[in-house]
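# Notes for the structure review
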Amino acid sequence: QLQASGGGLVQTGDSLRLSCAASGRTFSSYTMGWFRQAPGKEREFVVAISGRGGSTFYADSVKGRLTISRDNAKNTVYLQMNSLKPEDTAVYYCAASTKTWANVSAREVYDYWGQGTQVTVSS
């Protein structure tokens, strides 16, 4: 089970940190990803991190502004979001994959999904 939190209403240029808490004893074996879905658009990949945190992969649109990290002792993955833009407005979902690190930007790779947290960036 995945529980995302930390969303909110912010202004352009502000920062937010999203968290995703996972249950279970095998969290460190999961690739974790963040996706987002804006109104009327497809759910899109944002970033992923490997089980022990040694590998990350970012969508081009967020490179340099968003940073993913994880704390396996707390079963939690984080998404630090800086220099937010109105186009970052979306529901953000965390996801977990039990598969090896490959094709991590594809939704079908992920086995478990959180409920989503709303991020709204006003201009």
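All of these numbers come straight from a predicted model, not from anything done at the bench. Each residue is numbered by its place in its chain's sequence as written, counting from 1. Only residues with pLDDT of at least 70 are given local features in this predicted model, and only at 80 or more are side-chain atom pairs given and counted; all residues enter the totals for whole chains, interfaces and linings. Side-chain measures here rest on the full set of heavy atoms in the structure, leaving out hydrogens and waters.

### Quick look at the pattern of salt bridges
Any carboxyl oxygen of Asp or Glu that lies within 4 Å of a side-chain nitrogen of Lys or Arg is treated as forming a salt bridge with it. With the rule as written, the count across this model stands at six salt bridges. A salt bridge links Lys-63 to Asp-60; the nearest nitrogen and oxygen atoms lie 3.1 Å apart. Under the relative-accessibility criterion, Asp-60 is labelled exposed at 66%. In this structure, Arg-65 and Asp-88 form a salt bridge, with 2.7 Å as the shortest nitrogen-oxygen distance. Here Arg-65 is found in the loop between β6 (56-58) and β7 (66-71), whereas its partner Asp-88 is found in the loop between β8 (76-81) and β9 (90-97), with 23 residues between them in sequence. Assigned by exposure class, Arg-65 and Asp-88 land together as buried. Through salt bridges with shared partners, a single network forms among Arg-36, Glu-44, Arg-65 and Asp-88. Only protein chains enter the calculation, and the probe is 1.4 Å; a residue is then buried if its accessible area is under 20% of its type maximum, exposed if over 50%, and partly exposed in between. By definition, any uninterrupted DSSP run of H or I lasting at least four residues is a helix, any uninterrupted run of E lasting at least two residues is a strand, and each is numbered from the N terminus.

### Quick notes on the side chain of Arg-36
Here Arg-36 lies in strand β4 (residues 31-37). Given a relative accessible area of 6%, Arg-36 falls into the buried group. Contacts described as polar in this section are N or O atom pairs within 3.5 Å, which, within protein, must combine one atom able to donate a hydrogen with one able to accept it, while residues neighboring in sequence count only if both atoms come from side chains. A polar contact of 2.6 Å, which involves the side chain of Arg-36, links it to the side chain of Glu-44. Side chain to side chain, Arg-36 and Tyr-92 meet in a polar contact 3.0 Å long.

### As for the sheet that holds strand β1 (residues 2-5)
Taken in spatial order, the four strands of this open sheet run β1-β3-β8-β7, and their pairing is antiparallel. Both outer strands of the open sheet, β1 and β7, are each paired with one neighbouring strand and no more. Between one strand axis and the next, the sheet turns through 15 degrees on average, direction left out of account. Two strands qualify as a pair provided that DSSP identifies no fewer than 2 bridges between them. Where β7 meets β8, six bridges bridge the pair, whose relative direction is antiparallel. Opposite Leu-66, over in β8, you have Met-81 as the bridge partner. Interaxial angles span 0 to 180 degrees and are taken between N-to-C directions of axes, which are lines fitted to C-alpha atoms, for helices over the stretch in contact.

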